[in-house]
Amino acid sequence: MKNIGFIGVGYMGYGIAKNIIKHKNNLFVIANKNRKPIEKIVSEGAEEVKSFEDFASKNLDALFMCVTNTPIAKSISEKLSNILSDKTIVIDITTHNKTGSVETEAIFKSNNINYVECPVMGGPVQAEEGVLGGIVGASDDNFKIAEPYFNIFCKDYFHFGPVGMGAKSKLLNNFLTLGNAALINHMAKSAKEMSLDLKKVFDVAKLGSGNSAALIRIFDNLLKGDYTGFKFTANNSVKDLTYIQDLLKDFPEAEKVAELNKNYFQKAVDDGYGENFISELINKK
C-alpha cells in the first residue's frame, strides 16, 4: 500500500485516481474548479486535502499531476517543489508543449525530487478501465521507480527516453488523433446535410482504411443521438494543436496540416463552443 497524492481529478484524472484506490493505495486529492469528480472520488475512499502544504504530512510515495497545460503544471510545481520530500516521485500526466516537461523536471530536480512524464493515449473510459497507453519520458532509474505505478492505470506503456521525449511522442500522436477527429466531424456533418443514412456511412467507413478508434468513439454514440462520444474539448484541441504547430515548425507541410485543424477548432471556440466536446461540434451551426 502506497501513499499517493493527486492533482487534477477531472475527466481523465478521475479514472486514473479510481484505479489507484482499486489497487489498495491511500489516495489524497486536492480540489479543482470542478468539484463533482472530487466529491465522487472522495465517496469512493480518497481523502481530500485543503492545500498543497497538506501533502507534506501525508508521507507521499508518489504524486500524480494531471493538469491542463504547461504554464499551470509549472506554476504548481514551483509550489510543490518546496513541499514534497525527496522520497516522493512525481508522475506527470499533463500534455506539455515540446519543452514543458523538461522545464518542469528542472523545477523538481532543484530540490532532488524525482520526476517522470507519462502523458497517455485513450479517453475517460479507458482511464476508468485502467487500460490507457503510457508515453514515458524518464531517466532509466526513475523509470524503474515509476513502473509499478504505470501498471495501475496503463494496459501498455512505452519508455521513449529521457524527459522531453514523451512529450514529443504524445504531441505527434495527438496530431494524428485530432486530425482524424476533425475529418470524422466533417464527414458526419456533411453526411447529415446530404440526408445520408449515418449507420450505413459508419458501416462502410469501418470496412475501409479510415477505420479508427476515433471513428468508433464518435459514431457509436452518435447513432444513439449522443454527441458526447469524444470527450475532449475544443479548447483543449486548440491548446494541443498550438503545441503541435510549434513542434512541427521545421516540417512546413505537416505544420500546415496542424494549422488547418487548429483553425477548425479555433472557429468553434470563437463561436462559443470552447467547452463542448469534439463530437458535439457536429451539431454546431
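Presented here is an overview of the structure given in this document. Computed from a prediction, not measured in an experiment: that's the story for all the values here.

## Section: a nonpolar patch on the surface
Next, step 1: The grouping of Phe-158, Phe-160 and Met-165 at the surface amounts to a nonpolar patch, some 290 Å² of accessible area in total.
Next, step 2: Residue placement: Phe-160 occurs in strand β9 (residues 154-161).
Next, step 3: By relative accessible area, which is 42% here, Phe-160 ends up partly exposed.

## Quick look at the pairing of strand β2 (residues 26-30)
Next, step 1: The element β2 is extensively covered by neighbouring structure, given that four of its five residues are classed as buried.
Next, step 2: Pairing analysis gives five bridges linking strand β1 (residues 3-7) to β2, with the strands arranged parallel. In the strand pairing of β2, Gly-5 is matched with Phe-28.
Next, step 3: Taken together, β1, helix α1 (residues 11-22) and β2 form a β-α-β motif whose crossover is right-handed.
Next, step 4: Direction of pairing for β2 relative to strand β3 (residues 47-49): parallel, over a ladder of three bridges. In the sheet register, Phe-28 faces β3, and the bridge partner there is Glu-47.
Next, step 5: In this fold, β2 hands off to helix α2 (residues 35-43), which returns the chain to β3; that crossover is right-handed.

About the criteria used
Residues numbered from 1 in each chain as written. Predicted model: local features only at pLDDT ≥ 70, side-chain atom pairs only at ≥ 80, totals over all residues. Heavy atoms only, no water. Patch = residues over 30% accessible without salt bridge, like charges linked within 9 Å, V, L, I, M, F, W, Y side chains within 5 Å. Areas by Shrake-Rupley, 256 points an atom, 1.4 Å probe, with all protein chains shown as cover. Salt bridge = Lys/Arg side-chain N within 4 Å of Asp/Glu carboxyl O. Helix = DSSP H or I, 4+ residues; strand = E, 2+ residues; numbered from the N terminus. Buried < 20%, exposed > 50% of the residue type's maximum accessible area, 1.4 Å probe, protein only. Pairing = 2+ DSSP bridges. Right-handed = clockwise from strand over helix to strand, strands pointing away.

So far we have only geometry, and geometry alone does not tell us how the molecule works.
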